[in-house]
Amino acid sequence: MSNRLEALRVFCTAADAANFRDAAIRLSVSPQVVTRAVRELEEELGEPLFHRSTRGVQLTDFGRALAERARTAVGGVDALFHRTDRRALSQHAGTVRVTAPSVLGRRWIPQALAPVLAGHPGLVLDLRLSEQLADAVGQQIDVGVRVGGQPGGRFVARTVERMALMVVAAPALVARTGVPRSVEELQRLPLTALVDRDSGRLWPWSFSRKRQMPVSAPAFVTDDTDAECTAVLAGLGFGQLVAPLAEPWLQTGQLVSVLEAEAPEPWPVHVWRAQRSPVPARVRLVYDALVRALGGGARPAR
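The following paragraphs examine the structure supplied in this document. The structure displayed is predicted, hence computed values, not measured ones. (Residues numbered from 1 in each chain as written. Predicted model: local features only at pLDDT ≥ 70, side-chain atom pairs only at ≥ 80, totals over all residues. Heavy atoms only, no water.)

1. Let's talk about the pattern of salt bridges
Selection criterion: Only one rule defines a salt bridge in this text: a Lys or Arg side-chain nitrogen within 4 Å of an Asp or Glu carboxyl oxygen. To qualify as a helix, a DSSP run of H or I must reach at least 4 residues; to qualify as a strand, a run of E must reach at least 2; elements of each kind are numbered from the N terminus. Working definition: with a 1.4 Å probe on protein chains only, accessible area under 20% of the residue-type maximum means buried, over 50% means exposed, and in between means partly exposed.
The full count for this structure, using the stated rule, is 13 salt bridges. Here Glu42 makes a salt bridge to Arg52, at a shortest N to O gap of 3.2 Å. Here the residue Glu42 occupies a position in helix 3 (residues 31-45), and Arg52 occupies one in strand 1 (residues 50-53), the gap between them amounting to 10 residues. The partly exposed category is assigned to Arg52, whose relative accessible area is 45%. Between Asp224 and Arg106 there is a salt bridge whose closest N-O contact spans 2.3 Å. With a gap of 118 residues between them, Asp224 in the loop between strand 11 (220-222) and helix 10 (225-233) and Arg106 in the loop between helix 6 (102-105) and helix 7 (108-119) connect regions that are remote in the sequence. By relative accessible area, Asp224 is classed as buried at 12%. The class for Arg106 is partly exposed, based on a relative accessible area of 33%. Sharing partners across several salt bridges, the network here consists of Arg106, Arg107, Asp224 and Asp226.

Structure follows, in structure tokens:
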């Protein structure tokens, strides 16, 4: 028997049994298998493990000492693979690291995954906010949410919804400036701008027919989408916000939408996970939960 661990397991059973036949019954093998395993261990260790006689077998002093050490070793290995709650632990215990853009990550993802976390004790969500496609290997990312271009072939990705962009402003600002009738008119009004954290440049605004408008003289600049939304609510400028940020305030009347006919094509939203195998059950659980929640058109609360 070339597998040392299996040979030690057979030996431990034989050490606790009345004889090799009893050990074979416990292991559901033939007595010859037990005899061969013990003999191979004796040959490899250079010591007899049992005193054999016509009345049965009895451990030698060396065999008794080995049995004590082997039970600990075999028991430790078995514990790694045969815990009574193995199925539950494989799904629940451990950390799943998720990356998402801040517009979804600050409120929506914790809300969407709260029932999953509550229902699976031991599951830990490690949420990293980034507007860029994360380095899945370097940052040890398990699951990601991306707005815009679909991740490449090294990821398993699902397109789950589309996110609209809308130009909005506080009613008081619109009352003061008037409603812009064109992109050119809009460009002359107070605007907010979002900074690309990687390049330090301002993101241009997007419109229908793949047009882009640079924000050349913004009234307010930030690198944070929530801060931009707050500035728009305060009447500091017109802003181009994604629907999850703007819609709650549009419903209350604290923001109004303009130039709706000039809106660009909505951005696709993807949920992805690294293309590696096997996929831990906890990672698949979080991935599937995000696909279902985003695919259901859920929106973050304010």
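2. Brief notes about the nonpolar core
This is how the line gets drawn: Among buried residues, those of type Ala, Val, Leu, Ile, Met, Phe, Trp, Tyr and Cys that are joined through side-chain atoms within 4.5 Å constitute a nonpolar core. For this analysis, residues touch if any pair of their heavy atoms sits within 4.5 Å.
Membership of the largest hydrophobic core comes to 36 residues, with the highest contact counts inside it found for Val143, Val145, Val271, Val286 and Leu290. Beyond its immediate stretch of four places on either side in the chain, Val286 contacts Val96, Val98, Leu113, Leu123 and Val143. Counting 18 residues, the second largest nonpolar core, distinct from the first, contains Phe11, Ala14, Ala37 and Ala67.

3. Focus: the side chain of Thr225
The topology assignment puts Thr225 in helix 10. Judged by relative accessible area, Thr225 falls into the buried class, the value being 11%. Residues contacting Thr225, with those up to four places away along its chain left out, are Ser102, Val103, Arg106, Leu194 and Leu245.

4. What about helix 10?
Test applied: Counting of polar contacts relies on pairs of N or O atoms within 3.5 Å, with two restrictions inside protein: one atom must be capable of donating a hydrogen and the other of accepting it, and residues adjacent in sequence are counted only when both atoms are side-chain atoms.
Buried within helix 10 are the following residues: Thr225, Asp226, Glu228, Cys229, Ala231 and Val232. Here the buried face of helix 10 lies against helix 6, strand 7 (165-169), strand 8 (192-194), strand 11, strand 12 (239-242) and helix 11 (243-252). Where helix 10 begins, one side-chain oxygen reaches toward the backbone nitrogen of Asp226, 3.1 Å away; that side chain belongs to Asp224. Of the residues flanking the end of helix 10, it is Gly235, one or two places downstream, whose phi is positive at about 85°.

5. Remarks on the sheet that holds strand 13 (residues 256-258)
Selection rule: Two strands are counted as paired when DSSP detects at least two bridges linking them. Between the N-to-C directions of two axes lies an angle of 0 to 180 degrees, each axis being a line fitted to C-alpha atoms and, for a helix, fitted only over the stretch in contact.
Taken in spatial order, the three strands of this open sheet run 12-7-13, and their pairing is antiparallel. Of all the strands in the sheet, just strand 12 and strand 13 have a single pairing partner and so form its edges. Strand-to-strand twist in this sheet, taken as the mean axis angle between neighbours without regard to direction, amounts to 55°. With three bridges joining them, strand 7 and strand 13 adopt antiparallel strand pairing. Each bridged residue has a counterpart across the sheet, and for Ala169 the counterpart in strand 13 is Val256.

6. Notes on the packing of helix 2 (residues 20-27) against helix 3
The cut-off we apply is this: Should an angle lie under 35 degrees it is considered roughly parallel, over 145 roughly antiparallel, and from 65 to 115 roughly perpendicular; all remaining angles are considered oblique. Side-chain classes follow a simple rule in which Ala, Val, Leu, Ile, Met, Phe, Trp, Tyr, Cys and Pro form the nonpolar group, Asp, Glu, Lys and Arg form the charged group, and the remainder, Gly included, forms the polar group.
One way to put it is that helix 2 packs onto helix 3 with a least axis distance of 8 Å and a crossing angle of 110°. Between helix 2 and helix 3, the angle falls in the class roughly perpendicular. Each of Phe20, Arg21, Ala23, Ala24 and Leu27 in helix 2 lies in contact with helix 3, whose residues at this interface are Pro31, Val34, Thr35 and Val38. The class makeup of the residues in the contact of helix 2 with helix 3 is seven nonpolar, one polar and one charged.

7. What about the pairing of strand 3 (residues 94-100)?
As judged from the seven bridges shared by strand 3 and strand 4 (residues 123-129), these two strands associate in the parallel manner. Counted as the bridge partner of Ala100 is Leu129 from strand 4. Note: strand 3 against strand 5 (residues 143-147), two bridges, orientation parallel. Within strand 5, the residue paired with Val98 across the bridge is Val143.

8. Re helix 3
Stated formally: An expected span of 1.5 Å times one less than the residue number is assigned to each helix. Of all possible arcs, the one meant is that of the directions from the helix axis to the C-beta atoms.
Counted at 1.5 Å a residue, the expected span for helix 3 with its 15 residues is 21 Å, and the 21 Å between its end C-alpha atoms agrees. Buried within helix 3 we find Val33, Val34, Ala37, Val38, Leu41 and Glu42. Taken around the axis of helix 3, the buried residues stretch over an arc of 165°, which confines them to a single face. Exposed side chains of helix 3 directed beyond 90 degrees from the buried face belong to Gln32 and Glu43. Close packing links the buried residues of helix 3 with helix 1 (4-16), helix 2 and strand 1. Of the residues one or two after helix 3, Gly46 is the one with positive phi, at around 75°.

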